[in-house]
Amino acid sequence: MSILLVDRAQFLEGVRVLDGMVKRKQQAKAIFTFRDGLLTMKIANTVVDVPATGEWSGTAKMSAQVLFAATNPPPLTDTVTLKVEGSRMSIGRISTHCEWVESRAAD
């Protein structure tokens, strides 16, 4: 299982930037990676980095529409939890199917 904790205000601001820059296409994918204390969220050609803590050992892809739905209404807690378990990704109270690719270990 991979899990990250992200400051609510910073996460919501990152999603707001993505939402403002991306046309809401049904097929758009949100891609999540984590490295050096930063959660990177990417939709199409728009990339946002948000400070985060936790263990996240791969890349998760999910529907961008679900990402936007997970933040409307915004989470009530000060920290947003992102979790991947098997082929499910949770953002706060929302859970959806995701594609998970485990990162290769550095040589």
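Caption draft 1: Region of interest: the pairing of strand E8 (residues 94-97). Examined bridge by bridge, strand E7 (residues 88-91) and E8 share four bridges and lie antiparallel to one another. Following the sheet pairing, methionine 89 is matched in E8 by threonine 96. The hairpin turn running from E7 into E8, its antiparallel successor, is two residues long, and glycine 92 in that turn takes a positive phi close to 60°.

Caption draft 2: Geometry of the nonpolar core. If you look at the biggest cluster of nonpolar residues, it comprises 30 residues, and the most contacted ones within it are Phe11, Phe32, Leu67, Leu82, Met89 and Ile91. The biggest single contributor to this core is helix H2 (residues 64-70), with five residues.

Caption draft 3: Expanded view of the pairing of strand E6 (residues 79-85). On E6, burial follows the alternation: Val80, Leu82 and Val84 on one face are buried, whereas Thr79, Thr81, Lys83 and Glu85 on the facing-out side are not. Pairing geometry for strand E1 (residues 2-7) and E6, over six bridges, is antiparallel. Bridge pairing in E6 places serine 2 opposite valine 84. The sheet contact formed by E6 and E7 spans four bridges and is antiparallel. Its bridge partner being in E7, glutamate 85 is matched across the sheet by arginine 88. Connecting E6 to the antiparallel partner E7 that follows it, the hairpin turn spans two residues, and glycine 86 within it adopts a positive phi of roughly 65°.

What counts and what doesn't
Residues numbered from 1 in each chain as written. Predicted model: local features only at pLDDT ≥ 70, side-chain atom pairs only at ≥ 80, totals over all residues. Heavy atoms only, no water. Pairing = 2+ DSSP bridges. Helix = DSSP H or I, 4+ residues; strand = E, 2+ residues; numbered from the N terminus. Core = buried A, V, L, I, M, F, W, Y, C linked by side-chain atoms within 4.5 Å. Buried < 20%, exposed > 50% of the residue type's maximum accessible area, 1.4 Å probe, protein only.

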